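# Observations on the model geometry
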Amino acid sequence: MRNLNFYAALALSTLSGCLWFLAVTPFDFSALAWIAAIPMFVAIERAGSFRRALFLGWWAGLIETAGGFYWLIDVMRRFADFPWVGAALVFLLFCATRAIIFLLFTAAVCAIRKRVQVPMALLGPLSMVSCELVVPQLFPCGQWISQAWNPLVIQVSELTGPFGVTALLMMINGAAYDLMVNVRAGRYPAIVSGVLLAAALIFGVVRMRQIDEVIAHAPHLKVGLVQPNFAYTIDGEFSRDEILRQLTALQEQSRRLERAGAQVLVWSEGSFPITVPRDFSADFSPDSLAMIRRGFAIPTIIGADMYDTAREDAFNSAILLDKNGKVAGRYDKVRLLAFGEYIPGIDAFPWLRKLLPAGAGRFTAGSGPGVISLQGPDDNVWQLGPVICYEDILPGFLRGVGQLHPNLLVNLTSDSWFGADTEPWEHMALSVFASVELRVSMVRAVNSGVSALIDPNGRVLEKTYADDPYRHPRAADGVVVTAPVVPGGHTVFVAVGNLFAYLCLAGTLGMLVIALRGRKPKAKS
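Please read these numbers as outputs of a predicted model, since none were measured by experiment.

Cut-offs and rules
Residues numbered from 1 in each chain as written. Predicted model: local features only at pLDDT ≥ 70, side-chain atom pairs only at ≥ 80, totals over all residues. Heavy atoms only, no water. Helix = DSSP H or I, 4+ residues; strand = E, 2+ residues; numbered from the N terminus. Rg over C-alpha atoms; globule rule 2.2 N^0.38 Å. Buried < 20%, exposed > 50% of the residue type's maximum accessible area, 1.4 Å probe, protein only. Contact = heavy atoms within 4.5 Å. 1 Å grid on protein atoms, 1.4 Å probe; cavity = no way out; pocket = protein on both sides within 12 Å on 5 of 7 lines; lining within 4 Å. Points joined across faces, edges and corners; volume = space filled by probe spheres on them. Axes fitted to C-alpha atoms, helices over the stretch in contact; angles between N-to-C directions. Parallel < 35°, antiparallel > 145°, perpendicular 65-115°, else oblique. Left-handed = near helix turned anticlockwise from the far one by under 90°. Nonpolar A, V, L, I, M, F, W, Y, C, P; charged D, E, K, R; others polar. Core = buried A, V, L, I, M, F, W, Y, C linked by side-chain atoms within 4.5 Å. Pairing = 2+ DSSP bridges. Expected span 1.5 Å × (residues − 1). Polar contact = N/O pair within 3.5 Å; in protein donor to acceptor, adjacent residues only side chain to side chain.

## Quick word on the overall build of the protein chain
Helix and strand content of the protein chain: 16 helices and 13 strands. At 25 Å, the protein chain has a C-alpha radius of gyration in line with the 24 Å of a compact globule built from 525 residues. Burial statistics for the protein chain: of 525 residues in total, 57% are counted as buried. Within the protein chain, residue pairs in contact and separated by at least 24 positions form 71% of the contacts whose partners lie at least 6 positions apart.

Below, the structure written as structure tokens:
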């Protein structure tokens, strides 16, 4: 193949990056993900040099990341007081770092295909899954997010985790590229790819019908999701009047949802506006302004900050108050958000605190995944799997939750920092995979939306809206959803975890070894 000039290759890489982020919510042109990699494949294989190919692959990743995470600039300006230029530079650094996934992918593809005849339909999925697996991310995300609203496609997550969806996408991209380069040589990889895609979709049809049958015969729980639409402060400090206003709004919505038939209530992450002592064992007395269940009597899960005065530890917690107002269960968030809830290296470099907003990085991680027992209607006892904030998008963590076999996932989140246009929808798109991986419903109580019910097939059955309480404040709100209660966690993914991704990594490394061993020795001078 004749090499492309640099600007033509750069345009193709840019096109790939754009197609990828346009496939993702809020744009939602999900079909583009099935062809998005093809321009980049052309660019890197006709780059003319290995170094140029690496740059072009990295550039495609940078464009894809920038189009998906552009909201970070506004977050830094609004809540960290970054100047526009400073926020843009940090954002570019974030994009450049995440684009390492594509740089490593390009390195593997170019190194292998230069020496070994491997169809892109095979090498593409193996290499991309491997790179998504090994490169750490502040906000874990992969090509799979583009198919969040396509339930048939994502059913393979029960077997492979979300990496299986990335593999399907890259397999079809690779097969199309193989046909474009050489129809005769590419027809067999294309046929195999078509058969595998058809098998994945048939599996999806069969499993969705089976799960729907289970849902039809399962007990259901009416859950009231309170969406307070609060504008929080970074340091968590509120005036007495603001505390009373927020607590009153939560209670008003709770009473309304109870009247609407809710059997249990869920408040969003950190919504209770008072720090709770670690030995908290029952609701405050009626003569206390801090009383939680004022005017309603059903079990309630609240999101609250807890503080251990003896150890000077703070926790981001979910607390279940039973119908008698006693604490029936508690869960402390395990996977804290770096630079928000904890500061990496802060003990070794305490001067970092001076660079951060007050209140940032003050939490201690919980001990591990857990379940909370809820005594529901007719004295049924169900196991709730609490996940706080972005724990609902972490496959490894969710596997641990699945091993405890929850009957319902309960997600408490606050996405109010990120605006209403993109991040809340991306977060929900990523969260649908958890329900498929564990085959259990999820209810999401999100401070400013999107609150939702996701069924065990990954379908979003009910959802609210996303609000920006800092710019367009709305009154507190809420919705009652009817969630099927089924025994979750009995899936291949829960049993073996990311085995599929590690097999892809082993396959990629194996091909690299074969390719490098096959290198022709340089002639002696």
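## Notes on empty space enclosed by the protein
All chains considered together, the criterion is met by two cavities of 30 Å³ or more. As a volume, the largest cavity reaches approximately 140 Å³. Taken together, 18 residues make up the lining of the largest cavity; nearest its centre are Val24, Glu64, Gly68, Ile145 and Glu426. For the lining of the largest cavity, the elements supplying multiple residues, two or more each, are helix H1 (6–22) and helix H3 (50–69). Sort the elements by how many residues they give to the lining of the largest cavity and H3 lands first, with four residues. Its boundaries defined by the atoms lining it, the second largest cavity holds a volume of some 60 Å³.

## Topic: the packing of helix H2 (residues 38–45) against helix H10 (residues 163–181)
H10 packs onto H2 with a crossing angle of 55° between their chain directions and a minimal axis gap of 9 Å. Put simply, H2 runs oblique to H10. In this structure, the crossing between H2 and H10 has a hand that is right-handed. Along the contact surface, H2 presents Ile38, Phe41, Val42 and Glu45, while H10 presents Met170, Asn173, Gly174, Ala176, Tyr177 and Met180. Here the contact of H2 with H10 is composed, by residue class, of seven nonpolar, two polar and one charged.

## Brief notes about the nonpolar core
Of all hydrophobic cores here, the largest spans 122 residues; its most connected members are Val223 and Val443. Residue contributions to this core peak at nine residues, all from H10. Every residue in contact with Val223, bar those within four places of it in the chain, is listed here: Ala262, Val264, Val266, Leu408, Val443, Val479, Val480 and Val481. Ranked by size, the runner-up nonpolar core spans 25 residues in total, among them Ile292, Phe296, Leu321 and Ala476.

## Details of the pairing of strand S12 (residues 460–463)
Two faces make up the sheet, and in a regular strand the side chains alternate between them. Summarising the sheet, strand S11 (residues 452–454) and S12 pair through three bridges and their orientation is antiparallel. Within the sheet, the bridge partner assigned to Leu453 lies in S12 and is Glu462. Joining the antiparallel neighbours S11 and S12 is a turn of five residues, in which Gly458 adopts a positive phi near 80°.

## Some points on helix H11 (residues 183–216)
Look at H11: 48 Å from first C-alpha to last across 34 residues, which is about the 50 Å you get at 1.5 Å a residue. Taken together, the buried positions of H11 are occupied by Gly186, Pro189, Ser193, Leu197, Ala200, Gly204, Arg207, Met208, Ile211 and Ile215. Those residues of H11 that are buried lie in contact with helix H7 (120–134), helix H8 (151–154), helix H9 (157–160), H10, strand S1 (220–227) and strand S13 (477–484). Capping the start of H11, Asn182 holds a side-chain oxygen 3.1 Å from the backbone nitrogen of Arg184, two or three residues further along.

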